[in-house]
Amino acid sequence: MSKKYLFTFLFLITVLLYSCSKKHTPERTIQPSENNNVIPNKSDSVVVRKKNFTPTKKDIIPNAIVVNDKAAKKAVDGRLYYDLLGNRYWKNYKDGKYYLFNQKMYDNPAFKAPK
């Protein structure tokens, strides 16, 4: 009989220690109303959830964009490129626009960096 109580006591202590080790703080959301200006305390936390933008249609990704060269990055071979929404655009040095990457850019001299 005493082994049964000892096992129950040890089981309860392990459950108690395990449940206390979880670090969880509840989130409080504060919605400001128009009539009263509520300033949240330091203990209150405001939850802001960002929504990642993922394009759903292929036609909203443009084939060419115009970007300031200061915002663009330089590749190892000296060409300029710009990343937008997970797509890489390379600079055409003849017209100054950035075009969506394709395999034909390797042979085209308009995409080679001027020396």
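## Topic: unusual backbone geometry
- Unusually for a residue other than glycine, Leu85 sits at a positive phi of about 55°.
- Its location among the elements puts Leu85 in the loop between strand E3 (80–84) and strand E4 (87–91).
- For Leu85, a relative accessible area of 48% corresponds to the partly exposed category.

## Focus: the pairing of E3
- By the bridge criterion, two bridges tie strand E2 (residues 73–74) to E3 in an arrangement that is antiparallel. Within E3, the residue paired with Lys73 across the bridge is Tyr81.
- Here E2 folds back onto E3, and the loop between the two strands holds five residues, one of which, Gly78, carries a positive phi near 100°.
- Looking at chain direction, E3 and E4 are connected through four bridges and run antiparallel. Looking at the pairing, Leu84 lines up with Asn87 of E4.
- Hairpin connection of E3 to E4: two residues between the antiparallel strands, including Leu85 at a positive phi of 55°.

## Observations regarding the side chain of Lys91
- The residue Lys91 is located in strand E4 in this model.
- A distance of 2.7 Å separates a polar atom in the side chain of Lys91 from a polar atom in the side chain of Asp69.
- Once you skip the residues sitting within four places of it in the chain, Lys91 turns out to touch Asp69, Leu80, Gly96, Lys97, Tyr98, Ala110 and Phe111.

## Describing the nonpolar core
- Grouped together as the largest cluster of nonpolar side chains are six residues: Ile65, Val67, Ala72, Leu80, Tyr89 and Tyr98.
- When neighbours within four sequence positions are excluded, Ile65 is seen to be in contact with Tyr82, Leu84, Tyr89, Lys97 and Tyr98.
- Among the nonpolar cores identified, the runner-up in size contains five residues, and Ala75, Tyr81, Trp90 and Phe111 belong to it.

## Observations regarding the pattern of salt bridges
- Counted by the stated rule, this structure contains three salt bridges.
- Among the salt bridges present, the one from Asp69 reaches Lys91, with a minimum N-O distance of 2.7 Å. Of the two residues, Asp69 sits in the loop between strand E1 (64–65) and E2 while Lys91 sits in strand E4, which places them 22 residues apart along the sequence.
- The exposure class assigned to Lys91 is buried, which follows from its relative accessible area of 11%.
- Between Arg79 and Asp77 there is a salt bridge, and its shortest N-O distance comes to 2.9 Å.
- Judged by its relative accessible area of 12%, Arg79 falls in the buried class.

Basis of the calculations
Residues numbered from 1 in each chain as written. Predicted model: local features only at pLDDT ≥ 70, side-chain atom pairs only at ≥ 80, totals over all residues. Heavy atoms only, no water. Helix = DSSP H or I, 4+ residues; strand = E, 2+ residues; numbered from the N terminus. Buried < 20%, exposed > 50% of the residue type's maximum accessible area, 1.4 Å probe, protein only. Pairing = 2+ DSSP bridges. Polar contact = N/O pair within 3.5 Å; in protein donor to acceptor, adjacent residues only side chain to side chain. Contact = heavy atoms within 4.5 Å. Core = buried A, V, L, I, M, F, W, Y, C linked by side-chain atoms within 4.5 Å. Salt bridge = Lys/Arg side-chain N within 4 Å of Asp/Glu carboxyl O.

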